[in-house]
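Per-entry structural report
One-letter residues, chain by chain:
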Amino acid sequence: MADAPTRRDAARNRERLVGAARDVFARRGPDVPLEEIARAAGVSRTTLHRHFADRTALAAAVLRENVADIEARAVSLAGADDGAQRLYHYLLDVQLDAPWLARMVAHDDALGTRDLADRTAAALDPLVAHAHTVGALHPGTTTQDVLLTLPMAMAAQAADALDARTSRSGRVRAILHRGLFTTDPPG
């Protein structure tokens, strides 16, 4: 029985580390010192390394949590006529809030991104099928088409980061929405 509190503490510390990594990576980027993440989680560097061998393992845990959130959101949107659109805009919001994701995914195959991409597509598939049924998605548009627009949005976001004088993210979002969906983009 003595192991139960220890396992709960370990699970709580792991959860805190993943949450802190998500927040710190979003604010400071993926190259932030791991000590800062441990500090933000309220644990020691040793505890961080007990759970995650390196930065890649920690980033992979954050990505897996993001995909689990996407899967849960997709389940909650099942059957909604605008479910595919709402999940799509959620995916865009995740990218906007965590630009570090694109950099990590693009440069590190160890993150298991193929499996995560497959899980994201599987979560989106039923919503895309329903969107076709209700005429909310242009005919012939596939789940892969929807997902293909995400790197396009990332590229526009990266361009905005280089040119602080302008923000095109709202315009890019509207253009991509119109290319996929038969409805007007959200406000």
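Residues numbered from 1 in each chain as written. Predicted model: local features only at pLDDT ≥ 70, side-chain atom pairs only at ≥ 80, totals over all residues. Heavy atoms only, no water.

**Thoughts on the pattern of salt bridges**
Note the threshold: Counted as salt bridges are all cases of a side-chain nitrogen of Lys or Arg within 4 Å of a carboxyl oxygen of Asp or Glu. Runs of E in the DSSP output that reach at least two residues are strands. Runs of H or I that reach at least four are helices, and both are numbered from the N terminus. Relative accessible area decides the class of each residue, using a 1.4 Å probe on protein chains only: under 20% of the type maximum gives buried, over 50% gives exposed, and in between gives partly exposed.
Counted according to the given criterion, the structure contains nine salt bridges. Linking arginine 12 and aspartate 9 is a salt bridge whose minimum nitrogen-to-oxygen distance equals 2.9 Å. Here arginine 12 and its partner aspartate 9 are both found in helix α1 (residues 3-28), three residues apart, which amounts to about one turn of the helix. The exposure class of arginine 12 is partly exposed, given its relative accessible area of 42%. Linking aspartate 82 and arginine 86 is a salt bridge whose minimum nitrogen-to-oxygen distance equals 3.3 Å. Sharing partners across several salt bridges, the network here consists of Arg22, Glu65 and Asp69.

**Points about empty space enclosed by the protein**
The following threshold applies: Both cavities and pockets are sets of points on a 1 Å grid over the protein atoms alone; in a cavity a 1.4 Å probe fits but cannot get out, in a pocket the set is open with protein on both sides within 12 Å along at least five of seven lines, and lining residues sit with an atom within 4 Å of a point. Grid points are joined across faces, edges and corners, and a volume is the space filled by probe spheres set on the points.
Applying the stated rule across the entire model yields one cavity of 30 Å³ or more. Considering the residues around the largest cavity, the lining is formed by Leu92, Gln95, Leu96, Ala153, Ala156, Gln157, Ser169, Val172 and Arg173. Breaking the lining of the largest cavity down by element, the ones donating at least two residues are α5 (83-97), α8 (143-162) and α9 (169-180).

**Let's talk about the environment of glycine 19**
Here glycine 19 is to be found in helix α1. Remark: the alpha-carbon pair of glycine 19 and valine 62, spanning 43 residues in sequence, is separated by 7.7 Å.

**Section: the confidence of the model for the protein chain**
Note: predicted coordinates in regions of low pLDDT should not be interpreted at a detailed level. Condition: The predictor rates its confidence in each residue with pLDDT, a number between 0 and 100.
Per-residue confidence for the protein chain averages 87 on the pLDDT scale, and 85% of its residues sit at or above 70. The least confident element of the protein chain, judged by mean pLDDT, is helix α6 (residues 100-107) at 62; the most confident is helix α2 (residues 34-41) at 96.

**Looking at the nonpolar core**
Condition: Only buried residues count toward a nonpolar core, which is a set of Ala, Val, Leu, Ile, Met, Phe, Trp, Tyr and Cys residues joined through side-chain atoms within 4.5 Å. Residue contacts follow a heavy-atom distance rule, with two residues in contact if any of their heavy atoms lie within 4.5 Å.
Leu87, Tyr88, Leu124 and Leu127 are the most contacted members of the largest nonpolar core, which has 27 residues in total. Only α4 (55-77), α5, α7 (113-133), α8 and α9 provide two or more residues apiece to this core. No other element matches the seven residues that α5 contributes to this core. Sequence-distant contacts of tyrosine 88, defined by excluding residues within four places in its chain, comprise Val146, Thr149, Leu150, Leu176, Leu180 and Phe181. By size, the runner-up hydrophobic cluster in this structure holds 20 residues, among which are Ala21, Leu34, Leu58 and Ala61.

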